[in-house]
Amino acid sequence: MSGEPEDQDHHMAAQLKRGDSTALESLYDRYGGLAYGLAFRILNDRSAAEDAVQEAFLAVWRNASGFDTSRGSLRNWLLSIVRNRAIDRLRGNVRIHREVQLESAEHAPEVPDAWQAVAVDLERKQIRDGFAELPDAQRRTLELAYFGGYTHVEIASRMQVPLGTVKGRMRIGLEKMRSFLVARGVVG
Amino acid sequence: MTRLDEAEADDLLAAYALDALPEADARRVEEHLRTCSEHRAVAAELRQTSSMLSLTVEDREPSPELRRRIVEAVKATPANSKPVDRGAPQAAVVALPRRFRSWRPRPARLAVAATVAIGLGISALIGYQVGLVTGRPVAYTFQGDASAAPGAEARLVYFKDRKEAVLAASGLPKLASGQVYEMWLIKNGVPVDKGISASATGDLGAKLSGDLSQFQQFAITIEPGEQQLPTTKPILIGNLQAGST
């Protein structure tokens, strides 16, 4: 496969829509390590993380015809499914409900894709730096929500702070991170 | 559903972007976003930033087996086969996975008693009061696949008036880590998921809901987690047309 990474993703998406299984292998070769890294970050268990990744790739395979490249990148879609599957494994038996809700939400036209504004060759170090720059309490709050799958009420209880504090940390944390990335041209 | 005002919605947008709202609150935010372009733009930015958290993780090397597992599962699964609605056995017919097409159900062996399931003594079935059922139940017995599940046996007792069946299986192959037994009812060649079990003993007890007269076969597969369609060949399969009363 040749061309720019974004073109390659579009090419893979088109192949997947046609039911070409080699495209799924290419997708795995490109993003399998990232997908597994994300699942492992959430589950901290090799076997469970691999199961979540397998389910996510199969979900991509089964649902590829509904994927719209104009609404998001293949990688974003894949990672959103990985996260959903991993969190559902982590949090219990709510999988089917969540996956319908979240995977369809990923295609909601109101929400532009996370990576449309970002070059496909993301500056991941800058994103990590932006996250690391956050005050501990804000970073921990975002981690509990994003990687732990906790609701804001649950986070307030775990951190023993008022719910309003959690809401504030979430909002300010995301906005600070965005400002950091805007300043470095990672997002527009 | 109580509508959110502007301030309430604004207060919840970050949690919404992080999928950290209870279901009811998330629905209320979405309802608000349908009509509020200003908050829609804010939510989009927050969602964009939140999704970047996926990229803060380091790549990790999965086991080499994972790639093989995925490739095998993909080959056994039709592309673009969005799962059938698990609650609706009458859902549109979908193409069978290649492996599934080779299924050849064996004739069910007639069973004699409606109470066989209880007779197996599987804990999940203890207390099930067949005697309270007024309709005449139909019983089926299925044998495990000779190579995949030799010695396994499943007994299914169907109570027509309740449209409910009790399953008791024993001697199933032991599950590896992460695997589950998945039960299927098959209608016109289309398998419909009827639930999973992660029993560690090789014994399985379950209650199945549905009108069995609508289905032709029953089957059990071993899957790497619950599937919407089978990804492996059944370890046990049998016909539902020859039960005894």
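**Regarding the overall build of chain B**
Helix and strand content of chain B: six helices and nine strands. Residues classed as buried in chain B amount to 52% of the 245 residues present. Counted over contacts in chain B with a minimum sequence separation of 6, partners at least 24 positions apart contribute 63%. Entry remark: accessible area of chain B is about 11000 Å², with carbon and sulfur atoms responsible for 50%.

**Here we look at the packing of aromatic side chains**
Applying the stated criterion across every chain yields a total of five aromatic pairs over all chains. Taken together, a centroid distance of 5.2 Å and an interplanar angle of 85 degrees make the contact between Y146(A) and F147(A) edge-to-face. With a relative accessible area of 5%, Y146(A) lands in the buried category. On the basis of relative accessible area, F147(A) is assigned to the buried category, the value being 4%. The rings of Y140(B), F142(B) and F218(B) are connected pair by pair, giving a single aromatic cluster. Taking the ring centre of F147(A) as reference, the NZ or CZ of R41(A) above it sits at 4.2 Å. Sitting over the ring of Y146(A), R83(A) keeps its end group 4.0 Å from the ring centre.

**Quick notes on a negative patch on the surface**
Residues D5(B), E6(B), E8(B) and E38(B) make up a contiguous surface patch of negative charge. According to the relative accessible area criterion, E6(B) is partly exposed, its value standing at 45%.

**A word on the interface of chain B and chain A**
How big an interface is tends to be stated in terms of the accessible area lost upon association of its parts. Chain B puts 59 residues into the contact, and the matching count from chain A is 69 residues. When chain B packs against chain A, close to 6100 Å² is buried across both sides, 58% of that on carbon and sulfur atoms. Within the residue set of the side of chain B that touches chain A, elements represented by two or more residues are α1 (6-17), α2 (23-35), α3 (37-51) and α4 (64-75) of chain B. No other element matches the 10 residues that α3(B) contributes to the side of chain B that touches chain A.

**Let's talk about the side chain of E223(B)**
Position of E223(B) relative to the elements: it lies in strand β8 (residues 217-223). Although buried, E223(B) forms no salt bridge, and the nearest oppositely charged side chain, R62(A), lies 7.0 Å from it. Among the polar contacts listed, one links the side chain of E223(B) to the side chain of T232(B), at a separation of 3.4 Å. Residues in contact with E223(B), not counting those within four places in the same chain, are G178(B), Q179(B), V180(B), E182(B), W184(B), P230(B), T231(B) and T232(B).

**Regarding the packing of helix α2 (residues 21-43) of chain A against helix α3 (residues 46-63) of chain A**
Residues and elements named next belong to chain A. Between α2 and α3, the shortest axis-to-axis distance is 9 Å and the interhelical angle comes to 140 degrees. One finds that α2 runs oblique with respect to α3. You can see that α2 and α3 cross each other, and the crossing is right-handed. In this structure, α2 contributes S21, L24, L27, Y28, G32, A35, Y36, A39, F40 and L43 to the contact, and α3 contributes R46, A48, A49, E50, A52, V53, F57, V60 and W61. When the residues that make up the contact of α2 with α3 are grouped by side-chain class, the tally is 15 nonpolar, two polar and two charged.

Reading the values: rules and limits
- Residues numbered from 1 in each chain as written.
- Chains lettered and ligands numbered in written order.
- Predicted model: local features only at pLDDT ≥ 70, side-chain atom pairs only at ≥ 80, totals over all residues.
- Heavy atoms only, no water.
- Helix = DSSP H or I, 4+ residues; strand = E, 2+ residues; numbered from the N terminus.
- Buried < 20%, exposed > 50% of the residue type's maximum accessible area, 1.4 Å probe, protein only.
- Contact = heavy atoms within 4.5 Å.
- Areas by Shrake-Rupley, 256 points an atom, 1.4 Å probe, with all protein chains shown as cover.
- Phe/Tyr/Trp six-rings, centres within 6.5 Å; stacked < 30°, edge-to-face > 60°.
- Lys NZ or Arg CZ within 6 Å of the ring centre and 35° of its normal.
- Patch = residues over 30% accessible without salt bridge, like charges linked within 9 Å, V, L, I, M, F, W, Y side chains within 5 Å.
- Salt bridge = Lys/Arg side-chain N within 4 Å of Asp/Glu carboxyl O.
- Lys, Arg positive; Asp, Glu negative; His and termini not counted.
- Charge placed at Lys NZ, Arg CZ, Asp CG, Glu CD.
- Buried area = accessible area lost by both parts, 1.4 Å probe.
- Polar contact = N/O pair within 3.5 Å; in protein donor to acceptor, adjacent residues only side chain to side chain.
- Axes fitted to C-alpha atoms, helices over the stretch in contact; angles between N-to-C directions.
- Parallel < 35°, antiparallel > 145°, perpendicular 65-115°, else oblique.
- Left-handed = near helix turned anticlockwise from the far one by under 90°.
- Nonpolar A, V, L, I, M, F, W, Y, C, P; charged D, E, K, R; others polar.

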